[in-house]
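Architecture at a glance
The primary structure of each chain is shown beneath.
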Amino acid sequence: MKIAVAKGDGIGPEIMDAVLGIFKAANVGLEYEFVDMGKWVFDKGYSNGMTPEAQQTIETLGILFKGPMETPKGKGVKSVNVTARKTWNTYANKRVFQTLHGVDTVFSKAGIPIDITVVRENIEDTYGGIEHMLTHDVALSRRFITRPGSMQVIKYAFEMARKKNAKRITCGHKANIMKITDGLFLECFHEVAKEYPEIKSDDVIVDDLCMKLVTRPDLFDVVVLTNLQGDIVSDLCAGLVGGLGFAPSANIGDHICIFEAVHGTAPDIAGKNIANPTALLLSGLAMLRHLGLMESAATVENALLYTLEKGVRTGDFGDRSKPALNTTEFSNAIVANFGKLPEQGAKPTWPNMPITPTTFKLEKNPLIMSKEMEEETIVGVDMFIESAEQPGEVAEKCLKHTLDLFKLVTISNRGTQVWPKGSIFTNLVNQYRCRFESIGDAPLSQIDIIELYKRLGQDFKICSTELLNMWGDKKAYSLAQGQ
Ligand code: NAI
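1. So, the overall build of the protein
- Looking only at helices and strands, the protein has 14 helices and 18 strands in total.
- The burial tally for the protein puts 49% of its 483 residues in the buried class.
- Taking contacts inside the protein between residues at least 6 apart in sequence as the whole, the part at least 24 apart equals 77%.
- With an accessible surface of roughly 23200 Å², the protein has 54% of that area assigned to carbon and sulfur atoms.
- With 53 positive and 59 negative side-chain charges, the protein shows a separation of 3 Å between the mean positions of the two kinds.

2. Some details on the nonpolar core
- Formed by 71 residues in total, the largest nonpolar core has its most connected members in F23, F65, V119, I154, F158 and M287.
- With eight residues, helix α6 (residues 147–163) is the single largest residue contributor to this core.
- Leaving out residues up to four positions away in the same chain, M287 has contacts with I3, F23, L30, I63, F65 and F259.

3. Comments concerning the site of the ligand
- Every one of the 21 residues lining the ligand counts as a neighbour, but M69, G264, A266, D268 and N276 are closest to it.
- A distance of 2.9 Å is found between an oxygen atom of the ligand and a side-chain nitrogen or oxygen belonging to N81.
- In the environment of the ligand, a nitrogen atom lies 2.9 Å from a nitrogen or oxygen atom belonging to the backbone of N276.
- In isolation the ligand offers 820 Å² of accessible surface; the protein chains occlude 68% of this area.

4. Quick notes on the domain arrangement of the protein
- For the protein, the assigned domains read domain 1 (2–336) and domain 2 (376–475).
- Interface of domain 1 and domain 2: buried area, both sides summed, is about 590 Å²; carbon and sulfur atoms make up 51% of it.
- One can count one salt bridge joining domain 1 with domain 2.
- Where R142 meets E466, a salt bridge forms, and the shortest distance between an N and an O atom there is 2.7 Å.
- For the interface between domain 1 and domain 2, the tally reads three residue pairs in polar contact (both at pLDDT 80 or more).

5. Remarks on the pairing of strand β16 (residues 431–438)
- Buried residues dominate β16, accounting for eight of its eight residues.
- Both faces of β16 are covered, namely the face carrying Q431, R433, R435 and E437 and the face carrying Y432, C434, F436 and S438.
- Pairing analysis gives seven bridges linking strand β13 (residues 377–386) to β16, with the strands arranged antiparallel. Note on β16: the bridge partner recorded for G380 is E437.
- Relative to β16, strand β14 (residues 406–413) is paired through six bridges, and the arrangement is antiparallel. What sits directly across from L408, in β16, is F436.

6. Let's talk about the environment of V153
- Relative to the helices and strands, V153 is located in helix α6.
- On a C-alpha basis, the gap between V153 and G457 in space is 42 Å, while along the polypeptide they are 304 residues apart.
- Discounting residues that sit within four places of it in the chain, V153 has contacts with Y91, A92, V119, R120, E121 and F185.

7. Notes on the sheet that holds strand β12 (residues 257–261)
- Strand order in the open sheet formed by ten strands is β2-β1-β3-β12-β11-β4-β5-β10-β8-β9, and the pairing between neighbours is mixed. Only two strands of the sheet have a single neighbouring strand rather than two, namely β2 (31–34) and β9 (200–205). With strand direction ignored, the average angle separating the axes of adjacent strands in the sheet is 25°.
- Taken together, the three bridges between strand β1 (residues 2–6) and strand β3 (residues 63–66) define a ladder with parallel strand orientation. Note on β3: the bridge partner recorded for V5 is F65.
- Along the sheet, helix α7 (residues 181–193) makes contact with β5 (115–121), β8 (168–173), β9 and β10 (222–225), crossing β8 at roughly 165°.

Definitions and limits used
Residues numbered from 1 in each chain as written. Predicted model: local features only at pLDDT ≥ 70, side-chain atom pairs only at ≥ 80, totals over all residues. Heavy atoms only, no water. Helix = DSSP H or I, 4+ residues; strand = E, 2+ residues; numbered from the N terminus. Buried < 20%, exposed > 50% of the residue type's maximum accessible area, 1.4 Å probe, protein only. Contact = heavy atoms within 4.5 Å. Areas by Shrake-Rupley, 256 points an atom, 1.4 Å probe, with all protein chains shown as cover. Lys, Arg positive; Asp, Glu negative; His and termini not counted. Charge placed at Lys NZ, Arg CZ, Asp CG, Glu CD. Core = buried A, V, L, I, M, F, W, Y, C linked by side-chain atoms within 4.5 Å. Near = heavy atom within 4 Å. Polar contact = N/O pair within 3.5 Å; in protein donor to acceptor, adjacent residues only side chain to side chain. Domains from an automatic or database assignment. Buried area = accessible area lost by both parts, 1.4 Å probe. Salt bridge = Lys/Arg side-chain N within 4 Å of Asp/Glu carboxyl O. Pairing = 2+ DSSP bridges. Axes fitted to C-alpha atoms, helices over the stretch in contact; angles between N-to-C directions.

As C-alpha cells, then:
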C-alpha cells in the first residue's frame, strides 16, 4: 500500500522522520512516495506551492500524509495547505481532542475528562480568499456558504457521530447575525439531524460555545462548524487538552484524504530536534485506521499513551522538574514501549484489514447541486459606490438616475442605514451601498440593471453590484441594519 508523503517546512522534516521511524519499527507495511510541496517549491516559482508531479502523485495515490508548510508572507501567494484542501475537496476537517494521561491540564488535574471531536467545514467560507480593496479605505471579503458544501460536511459529522456512539452533536454558528450564510448552514444541520433521531442534536451560538467549552468541556462530544469559526474553536479545544502539540487532524474527501497536525512549522524551534511529534503521530494513527491498519495503529497508540503516562516528555509539556527528551529520544522511547498497555485509555487491538486506497479516474469535475434551479425574479440591485459625500448628497445623485423603473429604497454605510433615516453619530467610510428596487415589485431584467449601472456610473465609481432576487415570496438577500 503506497501513500504520498510531504515532509513540510520548519519542524516538518524532524517530526515526519520521527513518525515514519516509529511506523517502520511497528512494521505498518506502508510504502511512501515523497512529493515536493512547501516553501522551497514556492521559492522555485510554483505559485501553488506544489510541483505538477506532486499533484499527479497525490491524485493517483489518494492519500497524503504531510508535515506543516509555511506560506511565504507578503508575496501574494496562497497557503499551500488551504490550496491542497480545496483543490481536492477534502470537505471535512476532523480534529479529535482527548485527555491524554501524563499531559497535565487544569481539567486533567480537576479529574474532568475531555473527548471532543471538532468537524470543521474545510473548503468554503472566507477561506475562498476572494478579497478586494473597493476603495483605498475599504476591503471586502466574500464569504461563500453553500448548501451542497454544508450538507457534505454535516452528513459526514452525523455519520461519524453515529459510528462512535456519540452522546451529542452540536452545531456552532452565528446565525443570529449572519442570517443568510450561517442561517443556511444551520438549516442544513437541522435538516440532516432529522435522519439521526437517536443522536441528541442542538445548536449553540459560537461565542457562547467558546465560553461553555472552557467551563464544561465534558458536556460536549461532536461539534460541527463553518470553516473560520471551526478553525478558532478547534485551537481553543487544543488548549483544553494540552496545546497544539497534541492536536491531530484529518482532511476527509470522497476521493483524496490528507492527514496532518493542526500546528504550523514552529520556526522558533525548527532545526533543533526538540519539537513534539505527538500531534503528527496522532494524525498518522488516524490515517492508519482510515487504511484499515487497526492493529498497527493500536500497537503504536498504546505505546504512545504508556510513554506519556510515565511522564516522558518533550520540552513543550509535562512536569518541568523532569528532564525533557529531544524529538529522536522521545520517539525512541515510544518504540521501546511497544507491547505495553497504558493504565488508562488502552486501545483495543483489532486485526489489520488493509484497505487499498481507491484510485479514481474522473472524466470531468463533479458538480454538486442539492436542489434544482428555482424560479427567481430580479426585483432590484445593490450598487456599492465610492463617495466621500454625505448620505443626502449621494441620495440626490442616485435619485437622478432611477428612470421609471427603480426606486431608491435605502443607503447604508458598512451595513448600517444612513438614508432615508439614520443617525448623525454613525461614522462613515467612503463607500456606500445604494439599494434600488423595482417600482411596484415588477420583475427586472439584467439589461435594466446595466442601464442603471451606465447612468449611475456618470456620477460615481461603482465598486461592485449584487442582484436582489426573490424565490417565490422569499427574499434571497438581507436587510440593512435599521432598514
Ligand atoms: P505554529 O503552530 O507553527 O507555532 C505556534 C507555537 O507553538 C510556537 O511557539 C511553536 O514553537 C509551538 N509549536 C508548534 N508545534 C509544536 C510542536 N510540534 N512541538 C513543540 N512546539 C510546537 O504557528 P505559527 O507560528 O503561527 O505559524 C508558523 C508557520 O506555520 C506559518 O508560516 C503558518 O502559515 C504555518 N502553518 C501551517 C499549518 C499547516 O501546515 N497545516 C498550520 C498552521 C500554520
